[in-house]
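Reading the structure
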Amino acid sequence: MLPTLKAGQDVLVFCWFYTLKVGDLVAFKKNGREMIKRIQKVRGREYYVIGDNKKESTDSRKFGPIDKSQIIGKVIWF
């Protein structure tokens, strides 16, 4: 699948009172970098995220699940 977002593209992230579910795009911080990925699986406070371009993406397949505290917000417009 092709990437949903292009490098440098602006997005609108909602940071207050949001609920997250499988399929949502989220912005999060991992290893000092801000990233945007799609939620694939949820287990309690852990979120398994994956990029839309699976061949090129660095995601939970490489760095494991992310904690809810690392999530900046839900992408609501791109």
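Here the structure is a predicted model, which is why all the values come from computation and not from measurement.

Moving on, we come to the pattern of salt bridges. This model, assessed by the stated rule, comprises six salt bridges. For Lys 74, the salt bridge identified is with Asp 24, shortest N-O distance 3.5 Å. Of this pair, Lys 74 sits in strand 6 (residues 71-77) while Asp 24 sits in the loop between strand 1 (12-14) and strand 2 (25-30), placing them 50 residues apart in sequence. Each member of the pair, Lys 74 together with Asp 24, is buried. For Arg 61, the salt bridge identified is with Asp 59, shortest N-O distance 2.9 Å. Since its relative accessible area comes to 41%, Arg 61 is described here as partly exposed.

Another aspect to go through is the sheet that holds strand 3 (residues 33-43). Judged by pairing direction, the sheet is antiparallel, and its six strands sit side by side in the order 1-6-2-3-4-5 without closing on themselves. Since the sheet does not close on itself, it has two edges, and those belong to strand 1 and strand 5 (66-67), each with one partner. With two bridges joining them, strand 4 (residues 46-50) and strand 5 adopt antiparallel strand pairing. Bridge pairing links Glu 46 to Asp 67 in strand 5.

Bringing the packing of aromatic side chains into the picture now. Applying the stated criterion across every chain, the model contains two aromatic pairs. Ring geometry for Phe 14 against Trp 16: centres 6.0 Å apart, planes inclined by 80°, an arrangement best described as edge-to-face. Here Lys 41 stacks its cationic end above the ring of Tyr 48, 5.4 Å away from the centre of that ring.

Turning our attention to unusual backbone geometry. With a phi close to 55°, Asn 31 is a non-glycine residue in the positive phi region. For Asn 31, the location among the structural elements is in the loop between strand 2 and strand 3. Here Asn 31 falls in the exposed class, since its relative accessible area comes to 69%.

This next bit is on the environment of Ile 66. Relative to the assigned elements, Ile 66 resides in strand 5. Looking at Ile 66, the relative accessible area reads 0%, which means it is buried. Expressed as a C-alpha distance, the spacing of Ile 66 and Gln 40, which sit 26 residues apart in the sequence, is 12 Å. Apart from residues no more than four positions distant in its own chain, Ile 66 is found in contact with Phe 28, Lys 30, Arg 45, Glu 46, Tyr 47, Val 49 and Ile 71.

Quick notes on the rules
- Residues numbered from 1 in each chain as written.
- Predicted model: local features only at pLDDT ≥ 70, side-chain atom pairs only at ≥ 80, totals over all residues.
- Heavy atoms only, no water.
- Salt bridge = Lys/Arg side-chain N within 4 Å of Asp/Glu carboxyl O.
- Helix = DSSP H or I, 4+ residues; strand = E, 2+ residues; numbered from the N terminus.
- Buried < 20%, exposed > 50% of the residue type's maximum accessible area, 1.4 Å probe, protein only.
- Pairing = 2+ DSSP bridges.
- Phe/Tyr/Trp six-rings, centres within 6.5 Å; stacked < 30°, edge-to-face > 60°.
- Lys NZ or Arg CZ within 6 Å of the ring centre and 35° of its normal.
- Contact = heavy atoms within 4.5 Å.

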